[in-house]
Amino acid sequence: MSDQSPVLVLAHGAGAGSSHPWMRHVASELEAHGVRVVTFDFPYMAEGRKIPDKGQVLEAAFAEQWARVAATTTGPIYAGGKSMGGRIASQVAAKGGFSPVPAGLVFFGYPLHPPGKPEMRRDRHLPDITIPMLFLHGTKDPFGSREEMRELIDELPTSSLTFVEGGDHSLVAGRGKPISVELLDQVRRWMK
């Protein structure tokens, strides 16, 4: 990869860390096509705890990791994550906590609300984000329906949305399948 290759700082979801097969697959596929991927573990995961840290701790950890990566990167740098990791990236971005500002945000299954609790939305901060955002969402994701995601995107002028037909919260349609290479290729093209 060249010094100008895009970099994605990718945070894990609430239940599995950076070494999870889903995270490793996404990172290796993107890297095979010219995107450098940096993963990390939030403090609770690094310490072997199951319950995620409070929001401020997660945000500080992401911003700290971002600063380390940005200090050694010359190309465009993006922030993103799987589920909770993407939500934390968005919260840091909305508060202006990334320096430098990301070229964009990539959300692999944004957790719009807890399953079965559509009244508990997690999107109040998203309109404060002015950089490009890419939402990848399964049509069978219990964290947000197709209709809810379309309504959300309509309110966010810098965002785009790709649905994975039949996809679950991990963006796969069928047990034991990996996330599709075609979807990851779309991410790569969006970043370039």
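Refer to the structure presented above.
Read on for an overview of the structure. What you are looking at is a predicted structure, and each value in this text was computed from that prediction instead of being measured. (Residues numbered from 1 in each chain as written. Predicted model: local features only at pLDDT ≥ 70, side-chain atom pairs only at ≥ 80, totals over all residues. Heavy atoms only, no water.)

### With respect to the pattern of salt bridges
Using the following cut-off: The salt bridge definition used is simple: a Lys or Arg side-chain nitrogen within 4 Å of an Asp or Glu carboxyl oxygen. Runs of H or I in DSSP of at least four residues are treated as helices and runs of E of at least two as strands, each being numbered from the N terminus. Each residue is assigned to one of three classes by its accessible area relative to the maximum for its type, calculated with a 1.4 Å probe on protein chains only: buried under 20%, partly exposed between the two thresholds, exposed over 50%.
For the structure on display, the rule yields eight salt bridges. One salt bridge in this structure joins Glu59 and Lys95, with 2.7 Å as the shortest N-O distance. Of this pair, Glu59 sits in helix H3 (residues 55-70) while Lys95 sits in the loop between helix H4 (84-94) and strand S4 (105-108), placing them 36 residues apart in sequence. On the basis of relative accessible area, Glu59 is assigned to the buried category, the value being 12%. Of the charged contacts in the structure, one is a salt bridge between Asp185 and Arg189, with a shortest N-O distance of 2.5 Å. Taken as a pair, Asp185 and Arg189 lie in helix H6 (residues 181-191) at a separation of four residues, close to a single helical turn.

### A few points about the packing of H3 against H4
Rules: To obtain an axis, a line is fitted to C-alpha atoms, over the contacting stretch when the element is a helix, and the angle between two such axes runs from 0 to 180 degrees between their N-to-C directions. Roughly parallel refers to an angle under 35 degrees, roughly antiparallel to one over 145, roughly perpendicular to one between 65 and 115, and oblique to any angle outside these ranges. Between two residues, a contact is recorded if the distance between any of their heavy atoms is within 4.5 Å. Under the scheme applied here, ten amino acids are nonpolar (Ala, Val, Leu, Ile, Met, Phe, Trp, Tyr, Cys and Pro), four are charged (Asp, Glu, Lys and Arg), and all others, including Gly, are polar.
In the contact formed by H3 and H4, the axes pass within 9 Å of each other and the chain directions differ by 80°. The angle between the axes of H3 and H4 places the two elements in the roughly perpendicular class. Where H3 approaches H4, its residues Leu58, Glu59, Phe62 and Ala63 are matched on the opposing element by Met84, Gly85, Ile88, Ala89, Gln91 and Val92. Within the contact of H3 with H4, the residues separate by chemical class into seven nonpolar, two polar and one charged.

### Quick notes on empty space enclosed by the protein
Cut-off, in case you're wondering: Method remark: on a 1 Å grid restricted to protein atoms, a set of points is classed as a cavity if a 1.4 Å probe fits but cannot get out and as a pocket if it is open with protein on both sides within 12 Å along at least five of seven lines; lining residues have an atom within 4 Å of a point. Grid points are joined across faces, edges and corners, and a volume is the space filled by probe spheres set on the points.
Under the criterion given, the structure shown has one cavity of 30 Å³ or more. Approximately 40 Å³ is the volume attributed to the largest cavity. Surrounding the largest cavity, Glu29, Leu30, His33, Val181, Leu184, Asp185 and Arg188 form its lining. Contributing elements (two or more residues each) for the lining of the largest cavity: helix H1 (21-32) and H6. The element that contributes the greatest number of residues to the lining of the largest cavity is H6, accounting for four residues.

### Side note on the sheet that holds S4
Condition: Strand pairing is assigned whenever DSSP detects at least two bridges linking the two strands.
An order of S2-S1-S3-S4-S5-S6 is seen for the six strands of this open sheet, with the pairing classed as parallel. If you trace the sheet from one side to the other, it starts and ends with strand S2 (36-40) and strand S6 (159-164), each paired once. Going across the sheet, the axis of each strand differs from the next one's by a mean of 20°, ignoring polarity. Pairing between strand S5 (residues 133-138) and S6: six bridges, direction parallel. Directly across from Gly138, in S6, lies its bridge partner Val164. Along the sheet face, H1 touches strand S1 (7-11), S2, strand S3 (77-82) and S4 and points at about 160° away from the line of S2. Along the sheet, H4 contacts S1, S3 and S4; its crossing angle with S3, the most-contacted strand, is approximately 135°.

### Looking at the pairing of S4
It is a general feature of regular strands that their side chains alternate between the two faces of the sheet. Here is the rule: If you view a crossover with the strands going away from you and the path from the first strand over the helix to the second runs clockwise, you call it right-handed.
The side-chain alternation of S4 yields two buried faces, one formed by Leu105 and Phe107 and the other by Val106 and Phe108. As a crossover connection, the stretch from S3 through H4 into S4 is right-handed. Two elements, S4 and S5, share four bridges in a ladder whose sense is parallel. Across the sheet, Val106 pairs through a bridge with Leu134, a residue of S5.

### Considering the pairing of S3
Counting buried positions over the six residues of S3 gives six, a clear majority of the element. Alternating positions in S3 separate into two faces, Ile77, Ala79 and Gly81 on one and Tyr78, Gly80 and Lys82 on the other, with burial throughout. Relative to S4, S3 runs parallel, the two being bridged by four bridges. Counterpart to Gly81 in the pairing with S4 is Phe107.

Keep in mind that these numbers describe shape and distance, not what the molecule does.
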